[in-house]
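Residue-level structure breakdown
Below, each chain spelled out in residue letters.
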Amino acid sequence: MLELNLIRREPEKVKAGLRKRNWKEEDLAIVDRILALDEERRQLQTRLDGMLAESNRISKEIGQLFRQGKREEAEARKAQVSTLKEEIKELQARKAEVEARLEELLLSVPNVPHPSVPAGSTDADNEICKDWTGPLPELPQGARPHWELAQQYGIFDLELGARLTGAGFPVFRGQGARLERALINFFLDEARAAGYEEIQPPLLVNADTARGTGQLPDKEGQMYHVEKDDLYLIPTAEVPITNIYRGEIIPEEQLPIKMAGYTPCFRREAGSYGAHVRGLNRVHQFDKVEIVQIAHPDHSYEVLDEMLAHVSGLLDKLELPYRIVRLCGGDLGFTSALTYDFEVWSAAQQRWLEVSSVSNFETYQSNRMKLRFRGKDKKTRLAHTLNGSALALARIVAALLENNQTPEGIRIPSVLVPYTGFERISTNR
RNA sequence: GGAGAGAUGGCCGAGUGGUCUAAGGCGCACGCCUGGAAAGCGUGUACUCCGGGAGAACCGGGGUCGCGGGUUCGAAUCCCGCUCUCUCCGCCA
């Protein structure tokens, strides 16, 4: 949720941001409607405060009159307050109504994109910031996509998952399961070495938490909902981890706060189908290590760069070709100010797969969460929140399988060998 | 799932209808004292909204004692609902 102050001070900047997100001119009027409602709200508040002050004053007098034994005067004042009270009730109702409408409008305004966000409407307009300049893997004759390799080596089984649960729930087996676990441990160890506190959050969250990071109300359809308990399966560890500090006021010297966690992630992904979602390319449940930082507003873009470097380091160590893409206005998430995607080369599919998304939300999430810090000047300010995948497992596995296939089996990058306990995946395990 | 107790400021804790503008203590900050420190003494110490103001200074007002309603001229205090915590019982990896 955007800060009302920003809309009040710089409505044109907000409108320019919406234009970058390809909003139609006539829809920009929402900014003016917000400003009008805010003005109305403040006027109501001023009037209401005056009446409440009056009522408080008279009530105090009544107390004094009673103690002095002046019953009749006290009774007269009572009647006076009674009429005041009716007006107060009416004003309160109007104020609540105005506030509810204001809130609703505010929730429907996305974050203002960072100046560096390129114009554009689809992923074709995204800007490649760092392309892969090295050689792409050369595959042997008869190279196969990862879903075929999975069958050949018994790494994971989607048909089995479909029988147990439904489409999009892979069952990892044998060396495949061990590879998953190795990657998780590798990513967590790397995060810890980079100063992130390891978190094991709940996998189900309540509506307040889902609202804090912006999954509700706008991405409701993305999440699995447990109706009986009104809980949501997390689509990413970002949701519970960022909310750890919801409503907190953090001493400035504790910033930045760095947290990392491994969780399975659950996404409904309704309506997707076809060849580009085969295998592990898009599934309903996948493993991911997420890194989260809560940063000082003056330094959040340095933090973003640091997170990009961290993710780059992971991919370097895994020896995977990758490129970094800056999302354009049309592709940018609702709550994000700036997002970089990491894409790894999937040699058999001959395409780039998104394996990480690193974003700065500035105060968009923290405003909704009331996540603040206390500066050296004793004032409270909203902190900036950032997060990134480091990394999303399913597609990393897909790329590793395809890029490292040899006639003797699938080579494990040397950095992972201490974690897997084997150097190659082969039929004879 | 059943029974009971509770939720007050950064923390502990008092407070059963008006003087609560929330006692007292701890902690923290600043000052005095000291060669320096401790002790002692003094002062201060929540968040938020609205208005005034050039003002993130300051002044005035509103709201917040778990959350939401209600009773009352007036609620931390009385009533109803909810959430959470603790104790006991049941179930359980």
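**Thoughts on the layout of surface pockets**
- Estimates place the volume of the largest pocket at around 1300 Å³.
- Considering the residues around the largest pocket, the lining is formed by 46 residues, among which Arg-267, Asp-341, Glu-354, Ser-357 and Arg-395 are closest to the centre.
- Residue assignment for the lining of the largest pocket shows that the elements contributing at least two residues are strand 10 (285–295), strand 11 (322–326), strand 12 (338–346), strand 13 (351–362), strand 16 (384–392) and helix 12 (393–403).
- At nine residues, the largest contribution of residues to the lining of the largest pocket is made by strand 13.
- Considering only residue class, the lining of the largest pocket consists of 16 nonpolar, 15 polar and 15 charged.

**Observations concerning the nonpolar core**
- Membership of the largest hydrophobic core comes to 61 residues, with the highest contact counts inside it found for Leu-183, Phe-187, Leu-315, Phe-342, Val-344, Ile-396 and Ile-425.
- Among the elements that take part in this core, helix 12 stands out by supplying eight residues, more than any other.
- Residues Ile-30, Leu-65, Ala-74 and Leu-84 belong to the second largest nonpolar core, which totals 30 residues.

**Focus: the domain arrangement of chain A**
- Taken as a whole, chain A is organised into domain 1 (4–107) and domain 2 (123–425).
- Counting residues at the interface gives five residues for domain 1, matched by nine residues for domain 2.
- Both sides of the domain 1 and domain 2 interface together cover about 530 Å² of buried area, and 46% of this is carbon and sulfur.
- In this assembly, domain 1 and domain 2 are joined by zero salt bridges.
- Here domain 1 and domain 2 share three residue pairs in polar contact (both at pLDDT 80 or more) between them.

**Description of the protein's contact with RNA strand B**
- Surrounding RNA strand B, one finds 22 residues, the nearest of these being Gln-45, Thr-46, Ser-59, Arg-374 and Thr-380.
- Those atoms of RNA strand B that come within 4 Å of the protein belong to sugar or phosphate at a rate of 75%.
- Elements with a minimum of two residues in the surface near RNA strand B: helix 3 (29–67), helix 4 (71–107) and strand 14 (372–374).
- Broken down by class, the residue content of the surface near RNA strand B amounts to six nonpolar, six polar and ten charged.

**Thoughts on a negative patch on the surface**
- A cluster of acidic residues, Asp-123, Asp-125, Asp-331 and Glu-354, forms a negative patch at the surface.
- A relative accessible area of 56% places Asp-123 in the exposed class.

**Structural notes on the environment of Tyr-196**
- Residue position: Tyr-196 is located in the loop between helix 7 (175–193) and strand 4 (197–199).
- Owing to a relative accessible area of 4%, Tyr-196 belongs among the buried residues under this scheme.
- Note: C-alpha distance between Tyr-196 and Val-292 (96 residues apart in sequence) is 8.3 Å.
- Excluding anything up to four places from it in sequence, Tyr-196 contacts Ala-191, Lys-258, Met-259, Ala-260, Ile-291, Val-292, Gln-293, Glu-306 and Met-307.
- Separated by 3.0 Å, the side chains of Tyr-196 and Gln-293 make a polar contact.

**What to know about the pairing of strand 11**
- Among the five residues in strand 11, five count as buried, and that is most of the element.
- Here strand 11 shows two buried faces, one formed by Tyr-322, Ile-324 and Arg-326 and the other by Arg-323 and Val-325.
- Alignment of strand 1 (residues 127–130) against strand 11, held across three bridges, turns out to be antiparallel. Across the sheet, the residue bridging to Lys-130 is Ile-324, located in strand 11.
- The sheet contact formed by strand 11 and strand 12 spans five bridges and is antiparallel.

**Considering the packing of helix 2 (residues 11–20) against helix 3**
- Contact geometry of helix 2 with helix 3 gives a least axis separation of 9 Å together with a crossing angle of 145°. Handedness of the helix 2/helix 3 crossing: right-handed. Side by side, helix 2 and helix 3 meet where Pro-11, Val-14, Lys-15 and Leu-18 of the first sit next to Ile-30, Val-31, Asp-32 and Leu-35 of the second.

Calculation notes
- Residue numbers restart at each chain and count upward from 1, following the sequence in its written direction.
- Chain labels run from A onward and ligand labels from 1 onward, assigned in the order the entries are written.
- Residues qualify for local features only when their pLDDT is at least 70, as the model is predicted, and side-chain atom pairs are given and counted only at 80 or more; totals for whole chains, interfaces and linings, by contrast, use all residues.
- In computing side-chain properties, one takes all heavy atoms of the structure into account and sets aside hydrogens as well as water.
- Method remark: on a 1 Å grid restricted to protein atoms, a set of points is classed as a cavity if a 1.4 Å probe fits but cannot get out and as a pocket if it is open with protein on both sides within 12 Å along at least five of seven lines; lining residues have an atom within 4 Å of a point.
- Grid points are joined across faces, edges and corners, and a volume is the space filled by probe spheres set on the points.
- Put simply, DSSP H or I for four residues or longer makes a helix, DSSP E for two residues or longer makes a strand, and each gets a number counted from the N terminus.
- The residue classification treats Ala, Val, Leu, Ile, Met, Phe, Trp, Tyr, Cys and Pro as nonpolar and Asp, Glu, Lys and Arg as charged. All others, Gly included, are polar.
- Each nonpolar core is a collection of buried residues, namely Ala, Val, Leu, Ile, Met, Phe, Trp, Tyr and Cys, held together in the definition by side-chain atoms within 4.5 Å.
- Residue exposure (1.4 Å probe, protein chains only): buried if accessible area is under 20% of the type maximum, exposed if over 50%, otherwise partly exposed.
- Domain boundaries shown here were taken from an automatic or database domain assignment.
- In what follows, a contact means two residues having at least one pair of non-hydrogen atoms within 4.5 Å.
- What counts as buried area is the accessible surface, traced by a 1.4 Å probe, that two parts surrender upon association, with contributions from both included.
- Just to be clear on terms, a salt bridge is a Lys or Arg side-chain nitrogen sitting within 4 Å of an Asp or Glu carboxyl oxygen.
- We call two N or O atoms a polar contact when they sit within 3.5 Å, provided that within protein one can donate a hydrogen and the other can accept it, with sequence-adjacent residues counted only if both atoms are side-chain atoms.
- We call a residue near a molecule or strand when any one of its heavy atoms sits within 4 Å of it.
- Here, patches come from residues exposed beyond 30% relative accessible area and free of salt bridges, joined within 9 Å for like charges and within 5 Å for nonpolar side chains (Val, Leu, Ile, Met, Phe, Trp, Tyr).
- Surface accessibility follows the Shrake-Rupley procedure with a 1.4 Å probe radius. Residue values consider only the protein chains on display as shielding.
- All tallies of charge rest on Lys and Arg as positive and Asp and Glu as negative; His and the ends of each chain are not included.
- For the purpose of locating charges, the reference atoms are NZ of Lys, CZ of Arg, CG of Asp and CD of Glu.
- In this analysis, strands are considered paired if DSSP registers two or more bridges between them.
- Every axis corresponds to a line fitted to the C-alpha atoms, with the helix fit spanning only the stretch in contact, and the corresponding angles, defined between N-to-C directions, vary from 0 to 180 degrees.
- By definition, any crossing whose near helix is turned counterclockwise from its far helix by less than a right angle is left-handed, and any crossing with a clockwise turn is right-handed.

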